[in-house]
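# Coordinates in review
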Amino acid sequence: PAFFQVAIDGPASAGKSTIAKILASQLHFVYVDTGAMYRTVTVAAKKAGLSYEDEAGITALLPKITIEFKPGNPVQRVFLNGEEVTEAIRSTEVTNNVSLVSSYAAVRTDMVDKQRAMTESNPVIMDGRDIGTTVLPNAQVKIFLVASVDERAERRYKENKEKGMAVDLETLKKEIEERDYKDSHRAISPLTKAKDAIEVDTTGIGIDDVVAKIKTIIEEHQ
Ligand code: C5P
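Because the structure is a prediction, the values reported are computed rather than measured.

Attention now goes to the pairing of strand β1 (residues 5-9). β1 sits mainly inside the fold: five of its five residues count as buried. Of the two faces of β1, the one holding Q5, A7 and D9 and the one holding V6 and I8 are both buried throughout. Bridge count between β1 and strand β6 (residues 124-128): five bridges; the pairing is parallel. Counted as the bridge partner of V6 is I125 from β6.

Quick look at the structure:
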């Protein structure tokens, strides 16, 4: 690729977006949160009054959807057809239905096209489930980020608590496991480690150490 590409894949709540965001700002790469794009399609389905099961309806909706990212602090802001959905895409309802919506062929083709277009004029760090395997198969660096399900549930629990959302730890653990199962078992580009990806286990490791480790890997490939 003409511009440098870093692909970060892994299961839910492994820390992908936290790490990718920090690396992108340190290295001056564009950060692309592909999970936010699938979440935005899920919100669009709801706003259109469609059932999440309605693959034909959601497919027909795709040409009418524009997704934009704008810089924001502490999180990037996300817009659906010009309307801000930064918070809406993180609701429990969206989180628990996004795996179904993202399993549809037309949704995947459309998002992958949009994601590839974002790599044409800038170096990127892109995080998701199928970046190293499907979206950017020639990425110079591919990372597969993992952590134990207990630790991932605890991280999500803390995040939720800060937002004032009360969901117990066991429920979160079940939701994470279910989402990983669906994402790993769908027919099209399921979550899987690319052959040439480097696995980084973040269980018990602080954010700064993970960032430093991946930065070293990127520097070795530049
Ligand atoms: O990364 P995040 O947890 O926000 O992703 C939400 C969901 O979007 C995932 O559980 C998965 O169903 C879908 N997704 C995907 N492919 C990607 C990124 C996310 O199918 N590249």
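Read on for the rest.
With omega at 5°, the peptide bond leading from N73 into P74 counts as cis. When you line up the elements, P74 lands in the loop between β3 (67-70) and β4 (77-80). Here the phi dihedral of S13 falls at roughly 60°; this positive angle occurs in a residue that is not glycine. For S13, the position within the fold is in the loop between β1 and α1 (16-27).

With that settled, consider the pairing of β6. Burial analysis of β6 places five of its five residues in the buried class, the great majority of the element. Here β6 shows no split at all, with V124, M126 and G128 on one side and I125 and D127 on the other all buried.

Looking now at the sheet that holds β1. Reading across the sheet, the five strands line up as β2-β6-β1-β7-β8 and stay open at both edges, with parallel pairing between neighbours. Every interior strand has two partners, whereas the edge strands, β2 (30-33) and β8 (198-201), have only one. Direction aside, the axes of adjacent strands within the sheet are offset by 20° on average. Helix-sheet contacts for α1 involve β1, β2, β6 and β7 (141-146), and the interaxial angle to β6 is about 175°.

So, about the UniProt feature "binding site: ATP" (unreviewed entry) in the protein. Look at the UniProt record and you will see "binding site: ATP" (unreviewed entry) annotated at G10, P11, A12, S13, A14, G15, K16, S17 and T18. With 26 C-beta atoms counted inside 10 Å, the residue K16 sits in the buried group. Look past the residues within four positions of K16 in its chain and what remains in contact with it is I8, G10, D127 and L145. Checked against the element boundaries, S17 lands in helix α1. Beyond its immediate chain neighbours, meaning those up to four positions away, S17 contacts D33 and D127.

Scoring rules and cut-offs
Residues numbered from 1 in each chain as written. Predicted model: local features only at pLDDT ≥ 70, side-chain atom pairs only at ≥ 80, totals over all residues. Buried ≥ 20, exposed ≤ 12 C-beta atoms within 10 Å, placed from the backbone. Helix = DSSP H or I, 4+ residues; strand = E, 2+ residues; numbered from the N terminus. Pairing = 2+ DSSP bridges. Axes fitted to C-alpha atoms, helices over the stretch in contact; angles between N-to-C directions. Contact = placed C-beta atoms within 7 Å. UniProt positions renumbered as here; feature names shortened; annotations may be inferred.

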